[in-house]
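Letter by letter, the chains look like this.
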Amino acid sequence: MKHRGKTLAFTILLLILAGTLPATGAAAKAPTTKWLLGKQFRSVRVAGPPVLEGRTFGLRFLLASNFSNQPERPTLRVAGGCNTWSARFRIRKGRLFVFGAAMSTKIGCPVDPDHLLRSKLRKGMLIRLKDGRLIVTRPAERIRFDLKRISPKTSQVDEPDPTETPDPEPRITVPATMEDVQNKRYEMLGITGHDLGAPLKVGFWTGPLQRKDDEGKQVIGPGFGFQLDCNFWGGEYAIEDGIFFWKDVISTLALCEGSQEMWLYRFLKGEPEIGLDGTDLVLRKDGVEIVLQEIPN
């Protein structure tokens, strides 16, 4: 009996040494959205482009709403780059994605890693739990965040809160031209002076318009459209001396309860100012300022 026990122990040891059985440590696994909610993490090591390295990032997963009349949804809040920003998130096939409109403070930094990090999270980053650490990576680009869980009482990395105290200061802009925006898409970063109640996306394109020329041919020209709730609105646009003009507008006809689409239509038809703050697009009229960030086509 003793000989048989020694033989079994020796066999198990050989399997461990050969890598067939794990000797110590837990295997990495992807966390669920439910598990992440209510938890905060701080980076202990960051690898990647120089703009990311040497910084301490904080990630907070919570239920929140960027708009007052929307229900709370899973939200990721990121701090430690330049601005504190937040966006909705999901876990899909072991990857962490952010999507929809992002709310952000408006600090101007000479070196700003937030745009790079947000773009990688929009594409999706692998997320794993291993040995008590949260690991977020894009292996092909050699980007890696090793994060430890922290107590909310000791956290110093998620202030200020962009969903509770947005910066009301207006953007400093230069007048935009049609060449600046043509064939580009944008999504809303924030709005002051009004509440749209939903994420906003807009686009500028070259394509068929509603009107026809003197020979009866359909005009191919500059178009502008937006998607706010359940309808798409589009028409011909022009920009002259930093003023936005929109005409021949049509929309789909879905019924959206409580929608702000008609308000936005009147705002855009009211010839708002249009300007650029870096790559961000700003529309202003009657005390309302809409800030949009460019997104890939």
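Residues numbered from 1 in each chain as written. Predicted model: local features only at pLDDT ≥ 70, side-chain atom pairs only at ≥ 80, totals over all residues. Heavy atoms only, no water.

Novice: So what's going on with a positive patch on the surface? Residues and values would help.
Specialist: Taken together, the side chains of Arg73, Arg88, Arg90, Arg92 and Lys93 present a region of like positive charge at the surface. With respect to the helices and strands, the residue Arg88 is situated in strand β4 (residues 85-92). Here Arg88 falls in the partly exposed class, since its relative accessible area comes to 34%. (Patch = residues over 30% accessible without salt bridge, like charges linked within 9 Å, V, L, I, M, F, W, Y side chains within 5 Å. Areas by Shrake-Rupley, 256 points an atom, 1.4 Å probe, with all protein chains shown as cover. Salt bridge = Lys/Arg side-chain N within 4 Å of Asp/Glu carboxyl O. Lys, Arg positive; Asp, Glu negative; His and termini not counted. Charge placed at Lys NZ, Arg CZ, Asp CG, Glu CD. Helix = DSSP H or I, 4+ residues; strand = E, 2+ residues; numbered from the N terminus. Buried < 20%, exposed > 50% of the residue type's maximum accessible area, 1.4 Å probe, protein only.)

Novice: Tell me about the nonpolar core, and please be specific about residues and values.
Specialist: One finds Leu200, Phe204, Leu264 and Ile290 to be the most contacted residues of the largest nonpolar core, which totals 29 residues. Per element, the largest residue contribution to this core is four residues, and it comes from helix α5 (residues 261-269). With residues near it in sequence (within four places) discarded, Ile290 still touches Met188, Gly190, Ile191, Leu200, Leu264, Phe267, Leu281, Val282 and Leu283. In terms of nonpolar packing, the next biggest core, distinct from the first, is built from 28 residues, Trp85, Leu117, Ile127 and Phe145 among them. (Core = buried A, V, L, I, M, F, W, Y, C linked by side-chain atoms within 4.5 Å. Contact = heavy atoms within 4.5 Å.)

Novice: Could you give an account of the pattern of salt bridges, naming the residues involved and the relevant values?
Specialist: One pass over the structure, following the stated rule, counts seven salt bridges. Linking Glu141 and Arg138 is a salt bridge whose minimum nitrogen-to-oxygen distance equals 2.7 Å. For Glu215, the salt bridge goes to Lys217, with nearest N and O atoms at 4.0 Å. The network of salt bridges with common partners includes Arg45, Arg144 and Asp146.

Novice: Tell me about the sheet that holds strand β1 (residues 39-47), and please be specific about residues and values.
Specialist: Sheet architecture is closed into a barrel: eight strands sit in the order β1-β2-β3-β4-β5-β6-β7-β8, paired in antiparallel fashion. Looking at each pair of strands side by side, their axes are set apart by 35 degrees on average, direction ignored. Sheet topology places β1 next to strand β8 (residues 143-150); seven bridges connect them, and they run antiparallel. Along β8, the bridge assignment pairs Ala47 with Arg144. (Pairing = 2+ DSSP bridges. Axes fitted to C-alpha atoms, helices over the stretch in contact; angles between N-to-C directions.)

Novice: Tell me about helix α3 (residues 114-123), and please be specific about residues and values.
Specialist: Residues three or four positions apart in an α-helix share a direction because the helix packs 3.6 residues into each turn. Among all positions of α3, only Asp114, Leu117, Arg118, Lys120 and Leu121 are buried. Along α3, the residues classed as buried sweep out an arc of 160 degrees about the axis, all on the same side. Among the residues trailing α3, Gly124 stands out with phi positive, at a value near 110 degrees. (Arc of directions from axis to C-beta.)

Novice: Describe the side chain of Asp114, naming the residues involved and giving the relevant values.
Specialist: Tracing the sequence through the fold places Asp114 in helix α3. Buried charge without a salt bridge: Asp114, with Arg118 as the nearest opposite-charge side chain at an N-O distance of 5.8 Å. Setting aside its immediate chain neighbours within four residues, Asp114 contacts Gly81, Cys82, Asn83 and Trp85.

Novice: Provide a residue-level description of the packing of aromatic side chains, including the pertinent values.
Specialist: Applying the stated criterion to the full structure yields 16 aromatic pairs. Ring geometry for Phe224 against Phe244: centres 4.9 Å apart, planes inclined by 70 degrees, an arrangement best described as edge-to-face. Residue Phe224 is found in strand β12 (residues 218-227), and its partner Phe244 is found in strand β14 (residues 243-251); the two are separated by 20 residues along the sequence. With a relative accessible area of 1%, Phe244 lands in the buried category. (Phe/Tyr/Trp six-rings, centres within 6.5 Å; stacked < 30°, edge-to-face > 60°.)

Novice: If you had to explain α5 to someone new, which residues and values would you point to?
Specialist: Buried within α5 are the following residues: Glu261, Trp263, Leu264, Phe267 and Leu268. Axial view of α5: buried residues confined to an arc of 160 degrees, hence all on one face. Packed against the buried residues of α5 are β12, β13 (232-240), β14, β16 (280-285) and β17 (288-295). Just past α5, the residue Glu271 takes up positive phi, approximately 60 degrees.

Novice: Which residues make up the environment of Ile243, and what values do they have?
Specialist: Within the secondary structure, Ile243 is located in strand β14. Ile243 has contacts with Ala238, Glu271, Pro272, Glu273 and Ile274, leaving out every residue within four places of it along the chain.

Novice: Which residues make up the pairing of β17, and what values go with them?
Specialist: The buried fraction of β17 amounts to seven of the eight residues, a majority that puts the element mostly inside the structure. Examined bridge by bridge, strand β10 (residues 185-192) and β17 share seven bridges and lie antiparallel to one another. Considered in β17, the bridge of Met188 is made with Leu292. In this sheet, β17 lies alongside β16 in antiparallel orientation, the contact comprising five bridges. Bridging across to β17, Val282 finds its partner in Val291.

Novice: Help me get a handle on the environment of Thr137, residues and values and all.
Specialist: Structurally, the position occupied by Thr137 is in strand β7 (residues 133-138). Judged by relative accessible area, Thr137 falls into the buried class, the value being 12%. Expressed as a C-alpha distance, the spacing of Thr137 and Leu96, which sit 41 residues apart in the sequence, is 9.5 Å. In contact with Thr137, other than residues within four places in its own chain, are Met125, Leu126, Ile143 and Arg144.

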